[in-house]
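Notes for the structure review
Listed below, chain by chain, are the residues.
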Amino acid sequence: MAPEKESNGLDNYAFGLEGRFCDLPDTKHKEKLDTSLDEDHNKLAYCVTDVPPWYLCIILGIQHCLTAFGGIIAIPLILSQGLCLQNDGLTQSHLISTIFFVSGICTLLQVTFGIRLPILQGGTFTLLAPSMAMLSMPEWTCPAWTQNASLVNTSSTEFMEVWQSRMRALQGSIMVGSLFQVFVGFSGLIGLFMRFIGPLTIAPTISLIGLSLFDSAGISAGNHWGISAMTTALIILFSQYLRHIPVPFPTYSRDRKLHTSPVYVFQILPVLLGITLSWLICYLLTTYNVLPSDPEQYGYLARTDLKGNVMSQAPWFSFPYPGQWGVPTVSLAGVVGILAGVISSMIESVGDYHACARLSGAPPPPKHAINRGIGIEGLGCLLAGAWGTGNGTTSYSENVGALGITKVGSRMVIVASGVLMVVMGVFGKVGAIFTTIPSPVIGGMFMVMFGVISAAGVSNLQYADMNSSRNIFIFGFSMFSGLVIPNWILKNAKAIATGVVELDQVLQVLLTTSMFVGGFFGFVLDNTIPGSKHERGILAWNKVHEDDSSNTLESGEVYQLPFGISSYMSSSSWLRYIPFCPPVVPSSLDGCGADTNALEPKQPLGHPEPSQIIVGVAL
């Protein structure tokens, strides 16, 4: 999953724009009290089917890439601990390049053949938890010598086999587990899953993803608490205290000539700004030898020259390819654990699709589009496993939130983001740059990121009646069990001894995966303890996914397949019964709002608004 799944970025504008917008009609269920607020939020410079000027697509695409950096980069860095790669910066850079490359491909597949909304794909934390649980099994414990930088020869056959064998085991489990998501999506079974899963299942599942990773955050931050605290403070300062403060920036338009425009840069890139500033301070402290140069002294790991050779060793161009770490292996325990993460990812993505549709001026996604989107995400996980990212893919809600900030809902912008991520994955130096970020800086970022993930899970309880003793019991018991049981199993690994090795491994992975334990108890108790749908939050939960807005564009125009595929399919009557095939495509368009010309590509010249947007996102 992406961090902060519940955030839609609707709290304020990021740019002070004037001019003609694509106005979306008010929903028929809105209260009059919210009319003025919704009026502002329902202004789009470009709707989902619009094609902005190419330079605007590139610049906004770069912003979406920067927005996703935090989550995408964090996953390989966390996995490196379980893969015994803490002291191999060059391989870490290869993993970062690979996950960028695959995320770009999956984004292009999703926008072109999947849900067809402007939604970016990237690594998911829901698969990170079971992956780390799998790598914590006794047979995958890292040899002691891999933890000592002086004893590690990264080019030796022995060391390469240590981490590649673990990666291959992850690859195989992810590939097999992703087939389940492909089946659920393209068969239309996702609706059946949604019927039995509500807030009291989702809340502990998502919250425990963040809480279970506290150890990784503590280890990284503990290498220098001062640097990590500074990073955390900077991210909090930018994202919470300064987000409403605009930064005047010079811009030019034909009407107003040279003038300044307000840019809410702290709201757009708080994590990137916080990491960059802390990174720079660590570089200065390293340059002037303020940080200790003795590996045995506290604070040594905050230096920026520890992996200085990575930049020189990393190739300028490297093309990731399937099976680059060897032939994947499959274990039953790994597959079962990955399935728990896959199910969580699917449910969250459905919510992201609806949020993305509202923010991009599209009608709510029909069933066939949702089925296709989930199926393509499963295919993305399959590709991620084949390429060897050690992870899968999911929809990034913080990029959905960026649509609400920029007011540009065009899917061509996300296409540009996908192409840019593929390019970054090919340039080996790009991944190498991020491996030089000091460990305490990463730890400071984890402190914020994992905390937000935990809170995003708890926020699902807003739909349930938390004055109910039933709901309090279910949530409290699920959360506490999800912390206690995995912790005890990790400390008593030999306690599970059924006599069947495969069953022992399955139980070991499942019972050490906090999100599975908490989600399992939440699901069972919520569906067996008597309670009304209102009390359980099912009614409010389902209402979020209902058609609560007027169709701003014909559904067929947005969600039909490209290249005339939909027209071909509509000629065969039997294809209409396939869950992921669109119905007959209507020939007319309602337009975006009242303006039927809004669907035409905006003119790149003589239009002042894009230039102002460019100045904002260029920061």
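Since the model is a prediction, treat every value here as computed from it, not as a measurement. (Residues numbered from 1 in each chain as written. Predicted model: local features only at pLDDT ≥ 70, side-chain atom pairs only at ≥ 80, totals over all residues. Heavy atoms only, no water.)

**Re the overall build of the protein**
Counted only if it meets this: Think of it this way: any DSSP run of H or I at least four residues long counts as a helix, any run of E at least two long counts as a strand, and we number them from the N terminus. The buried label goes to any residue with under 20% of its type's maximum accessible area, the exposed label to any with over 50%, and the partly exposed label to all in between, with areas taken from a 1.4 Å probe on protein chains only. The contact criterion used is simple: two residues touch if any of their non-hydrogen atoms lie within 4.5 Å. Accessible areas in this description were obtained via Shrake-Rupley with a 1.4 Å probe; residue shielding takes into account the shown protein chains only.
Secondary structure summary: the protein contains 26 helices and 6 strands in total. Per-residue burial for the protein yields a buried fraction of 56% across its 619 residues. Within the protein, contacts between residues separated by at least 24 positions form 83% of all contacts whose residues are at least 6 apart in sequence. For the protein, the accessible area works out to roughly 25,200 Å², and carbon and sulfur atoms hold 64% of it.

**A few points about helix H11 (residues 270-287)**
An α-helical turn contains 3.6 residues, so any two residues separated by three or four positions project in the same direction. The condition that has to hold: Given a helix with a known number of residues, its expected span is that number minus one, times 1.5 Å. Arc definition: it is the arc formed by the directions from the helix axis to the C-beta atoms.
Taking 1.5 Å per residue as the helical rise, H11 with its 18 residues ought to reach 26 Å, and the 26 Å between its terminal C-alpha atoms agrees with that figure. Listed as buried for H11 are Pro 270, Gly 274, Ile 275, Ser 278, Trp 279, Cys 282 and Thr 286. Seen end-on, H11 carries its buried residues on one side only, within an arc spanning 155°. Trailing H11 by a residue or two, Asn 289 shows a phi angle of about 55°, which is positive.

**Digging into a nonpolar patch on the surface**
Filter applied, for reference: Like-charged residues are merged into a patch within 9 Å and nonpolar side chains (Val, Leu, Ile, Met, Phe, Trp, Tyr) within 5 Å, provided each residue has over 30% relative accessible area and no salt bridge. By convention in these notes, a salt bridge is any Lys or Arg side-chain nitrogen within 4 Å of a carboxyl oxygen on Asp or Glu.
Where nonpolar side chains cluster on the molecular surface, the patch consists of Leu 277, Leu 280, Tyr 283, Leu 284, Tyr 288 and Val 290 and spans about 630 Å² of accessible area. Following the sequence through the fold, Tyr 288 ends up in the loop between H11 and helix H12 (308-313).

**Some points on unusual backbone geometry**
The phi dihedral of Cys 84 is positive, around 65°, even though this residue is not glycine. Looking at the element boundaries, Cys 84 is found in the loop between helix H2 (54-82) and helix H3 (89-113). Residue classification places Cys 84 among the buried positions, given a relative accessible area of 0%.

**Observations regarding the packing of aromatic side chains**
Quick reminder of the rule: Any two rings among Phe, Tyr and Trp, with Trp reduced to its six-membered ring, count as a pair given centres within 6.5 Å; such a pair is stacked if its planes are under 30 degrees apart, edge-to-face if over 60, and tilted if neither.
This structure, assessed with the given rule, holds 11 aromatic pairs. Look at Phe 125 and Phe 450: their rings are 5.9 Å apart centre to centre, the planes differ by 80°, and that puts the pair in the edge-to-face class. Of this pair, Phe 125 sits in helix H4 (residues 125-135) while Phe 450 sits in helix H18 (residues 439-458), placing them 325 residues apart in sequence. Overall, the relative accessible area of 0% leaves Phe 125 in the buried class. For Phe 450, a relative accessible area of 4% puts it in the buried group. When the centroid spacing of 4.9 Å and the interplanar angle of 20° are considered together, the rings of Phe 446 and Phe 450 count as stacked. Within this pair, Phe 446 and its partner Phe 450 are both found in helix H18, separated by 4 residues, close to a single helical turn. For Phe 446, a relative accessible area of 1% corresponds to the buried category.

**Details of the side chain of Ser 165**
We apply this condition: We define a polar contact as two N or O atoms separated by no more than 3.5 Å, with the added condition that, inside protein, one atom must be a possible hydrogen donor and the other a possible acceptor, whereas residues neighbouring each other in sequence contribute only through side-chain atom pairs.
Along the chain, the position of Ser 165 falls in helix H5 (residues 157-187). A polar side-chain atom of Ser 165 sits 2.8 Å from the main-chain carbonyl oxygen of Glu 161.

**Points about the confidence of the model for the protein**
For clarity, the cut-off: The pLDDT value tells you how sure the predictor is about a given residue, anywhere from 0 up to 100.
The pLDDT averaged across the protein works out to 78; a share of 81% of its residues lies at or above 70. A low-confidence stretch, residues 547-553 stays under pLDDT 50, and its non-local contacts, those more than four residues away or across chains, total 26 contacts. In this model residues 585-619 is a low-confidence stretch, pLDDT under 50, and it forms 86 contacts with partners more than four residues away in sequence or in other chains.

**Let's talk about the nonpolar core**
Applied cut-off: Throughout, nonpolar core names a set of buried Ala, Val, Leu, Ile, Met, Phe, Trp, Tyr and Cys residues whose side chains join them through atoms within 4.5 Å.
The biggest cluster of nonpolar side chains holds 95 residues, and the ones touching the most others in it are Phe 100, Leu 117, Phe 125 and Phe 450. The residues contacting Phe 450, other than those within four sequence positions of it, are Ile 78, Phe 125, Gly 210, Leu 213 and Ala 217.

**So, the state of the cysteines**
As a reminder of what qualifies: Disulfides are defined in this document as cysteine sulfur pairs within 2.5 Å.
Across all of its chains, the model carries 1 disulfide by this definition. Covalently, Cys 84 is tied to Cys 142 through a disulfide, its sulfur atoms 2.0 Å apart. On the sign convention where negative is left-handed, the bridge of Cys 84 and Cys 142, at about -95° about the S-S bond, is left-handed. Of the two residues, Cys 84 sits in the loop between H2 and H3 while Cys 142 sits in the loop between H4 and H5, which places them 58 residues apart along the sequence. Not part of a disulfide, Cys 381 finds its nearest cysteine sulfur in Cys 106, a span of 7.5 Å.

**Let's talk about the packing of H3 against helix H14 (residues 367-387)**
To be explicit about the condition: Axis definition: a line fitted to C-alpha atoms, over the contacting stretch in the case of helices. Angles run 0 to 180 degrees between N-to-C directions. An angle counts as roughly parallel when it lies under 35 degrees, as roughly antiparallel when it exceeds 145, as roughly perpendicular when it falls between 65 and 115, and as oblique in every other case. By the definition used in this description, the sense in which the near helix is turned from the far one sets the handedness, with an anticlockwise turn below a right angle giving left-handed and a clockwise turn giving right-handed. Polarity classes work like this: nonpolar for Ala, Val, Leu, Ile, Met, Phe, Trp, Tyr, Cys and Pro, charged for Asp, Glu, Lys and Arg, and polar for all others, with Gly in that last group.
Orientation of H3 relative to H14, taken along the N-to-C sense of each, is 160°, at an axis distance of 10 Å. Judged by the angle between their axes, H3 and H14 are roughly antiparallel. Viewed along their axes, H3 and H14 form a crossing whose handedness is right-handed. Residues Thr 98, Phe 101, Val 102, Ile 105, Cys 106, Leu 109, Gln 110 and Phe 113 of H3 lie in contact with H14, whose contacting residues are Arg 372, Gly 373, Ile 376, Glu 377, Leu 379, Gly 380, Leu 383, Ala 384 and Trp 387. Residues belonging to the contact of H3 with H14 are distributed by class as follows: 11 nonpolar, 4 polar and 2 charged.

**Looking at the pattern of salt bridges**
Under the defined criterion, the tally for this structure stands at 4 salt bridges. The partner of Arg 168 in a salt bridge is Glu 161, and the shortest N-O contact between them spans 3.0 Å. Given the relative accessible area of 41%, Glu 161 is considered partly exposed. Note that Arg 303 and Asp 305 form a salt bridge whose closest N and O atoms lie 3.0 Å from each other. Among the ionic contacts, a cluster of salt bridges with common partners joins Arg 470, Asp 526 and Arg 536.

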